[in-house]
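# Residue-level structural notes
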Amino acid sequence: AVVSPVAQRRRVKAALAHLAALGFVEVHDLHSQPWLGPVLAEMERASELSMRVTLFVPAARLAAEAAMRAAWESDRITLGGGKVFADGTLNARTALMIHRYAEPVIGHPRGQAMVSPAALDEYYRTADSLGLPLAVHAIGDCAVRMTLDCIERVVPKATGQRIEHCEVIDKQDVPRFAKMGVICSVQPCHLLYDVEALERHLPHRLDRVLPLRELVDAGCKPGELLWMGSDVPIVPADPEDSVRAAVARRRGDMEAARAIAPGQALMEDECWACFTPRV
């Protein structure tokens, strides 16, 4: 159904109010639609914009959006870069893994790439020619590695290159984030919903789930190269969920023995530092 501009504005205003009530002061929209920039600009002119908003548009239309950004961009509304999906999800077993799933999807034993390395290289080159970074959705360890490999090949000059989710990271790839200056942008709250799927589909890789402690020890300082965000509307926006997951590594109703990679836990103050990135 077609949503009217009035309804779009009403929904955006309600969403921003909800996030503000949870303590958020800035939004990064990571798959922005063409109408969002203009709607936000209208809200700002009407003094209805309650926080700073950064837009990441699908990389395929990044150049076109960059050409039109002057029509809506301001100090509080900015074009942050492009968005690419490198793989799928853990629950669907389409997150791209280095090793096979315990119960793989027929035809895709290690998940599924949603972009080729060559295409991802080209997206990085295009974004970099515009002075903008990419935010790449990569959940599986193979997708994370592919993205890091692409950054290493292309060597983009734009700052703020980031990989979203990073729910599974192979041990040899952990130090690459700090070495290459790539932001690891995670949402630990997913762990609360994915415990059963992880236990069933990746019992042999549970030690590689959200290796947050290793990332920090390797030089990804909270708030600098290790970020946390809400991933709303896929999951609820409450930041307490991610703090709880990063510290306890399990849901509150679970026995301690079912914690996922408890050695990768962070301290609560480190989690809150991840929610206040210094950019």
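Below, the structure is looked at part by part. (Residues numbered from 1 in each chain as written. Predicted model: local features only at pLDDT ≥ 70, side-chain atom pairs only at ≥ 80, totals over all residues. Heavy atoms only, no water.)

### Concerning the pattern of salt bridges
Inspection of every chain in the model, using the stated rule, returns 25 salt bridges. Ionic pairing is found between R205 and D170, a salt bridge with its closest N-O pair at 2.9 Å. One end of the pair, R205, is in the loop between α7 (190–201) and α8 (212–217); the other, D170, is in the loop between β5 (162–165) and α6 (174–180), and 35 residues separate them in sequence. You can call D170 buried: its relative accessible area is 12%. In this structure, R213 engages E270 in a salt bridge whose closest nitrogen and oxygen atoms are separated by 2.6 Å. Placement of the pair is R213 in helix α8 and E270 in helix α10 (residues 268–274), with a sequence separation of 57 residues. Residues joined by salt bridges that share partners form a network here, namely D141, R145, D149, E152, D170, D173, R176 and R205. (Salt bridge = Lys/Arg side-chain N within 4 Å of Asp/Glu carboxyl O. Helix = DSSP H or I, 4+ residues; strand = E, 2+ residues; numbered from the N terminus. Buried < 20%, exposed > 50% of the residue type's maximum accessible area, 1.4 Å probe, protein only.)

### Things to note about the environment of R93
Here R93 lies in the loop between β3 (77–85) and α4 (117–129). Taking the C-alpha atoms as reference points, R93 and L202, separated by 109 residues in sequence, lie 9.6 Å from one another. Sequence-distant contacts of R93, that is, excluding residues within four places in its chain, are made with Y101, E103, P104, V105, G111 and H201. (Contact = heavy atoms within 4.5 Å.)

### Quick word on the packing of α7 against helix α9 (residues 239–248)
Relative orientation of the contacting elements α7 and α9 amounts to 55 degrees, with a least axis distance of 8 Å. Here α9 runs oblique to α7, going by the angle between their axes. Judged by residue contacts, L191, L192 and Y193 of α7 engage D241, R244 and A245 from α9. The residue makeup of the contact of α7 with α9, split by class, is four nonpolar, no polar and two charged. (Axes fitted to C-alpha atoms, helices over the stretch in contact; angles between N-to-C directions. Parallel < 35°, antiparallel > 145°, perpendicular 65-115°, else oblique. Nonpolar A, V, L, I, M, F, W, Y, C, P; charged D, E, K, R; others polar.)

### Some remarks on the environment of T78
Structurally, T78 can be placed in strand β3. With a relative accessible area of 15%, T78 lands in the buried category. A polar side-chain atom of T78 sits 3.4 Å from a polar atom in the side chain of T54. (Polar contact = N/O pair within 3.5 Å; in protein donor to acceptor, adjacent residues only side chain to side chain.)

### Structural notes on helix α5 (residues 141–154)
Side chains three or four residues apart in an α-helix point the same way, a direct result of the helix having 3.6 residues per turn. Taking 1.5 Å per residue, 14 residues should reach 20 Å; α5 reaches 20 Å between its end C-alpha atoms and fits that length. Burial runs high along α5: 10 of the 14 residues are buried. Along α5, the residues classified as buried are D141, C142, A143, V144, M146, T147, L148, C150, I151 and V154. On its buried face, α5 is in contact with α4, β4 (134–138), β5 and α6. Positive backbone phi, at 50 degrees, marks V155, one or two positions downstream of α5. (Expected span 1.5 Å × (residues − 1).)

### Some words on α9
Turning to α9, its buried residues are P239, D241, S242, V243, A245 and A246. Check the buried side of α9 and you find it contacts α7, α8, β7 (226–228) and α10. Two to three positions downstream of the cap, the backbone nitrogen of E240 sits 3.0 Å from a side-chain oxygen, assigning the N-cap of α9 to D238.

### Brief notes about the side chain of E65
Mapping E65 onto the fold places it in helix α3 (residues 62–68). What makes E65 buried here is its relative accessible area of 6%. Looking at E65, its side chain comes within polar contact range of the side chain of R61, at 2.6 Å. Setting aside its immediate chain neighbours within four residues, E65 contacts P34, V57, W72 and L79.

### A closer look at unusual backbone geometry
Among all residues except glycine, the phi angle is most often negative; among peptide bonds, the trans geometry is most common. Between V232 and the following residue, P233, the backbone shows a cis peptide bond with an omega angle of 10 degrees. Position of P233 among the secondary structure elements: in the loop between β7 and α9. Here the phi dihedral of S47 falls at roughly 60 degrees; this positive angle occurs in a residue that is not glycine. In this fold, S47 is placed in the loop between α2 (36–45) and β2 (52–58). For R249, which is not glycine, the phi torsion reads 65 degrees and is therefore positive. Locating R249 in the fold gives a position in the loop between α9 and α10.

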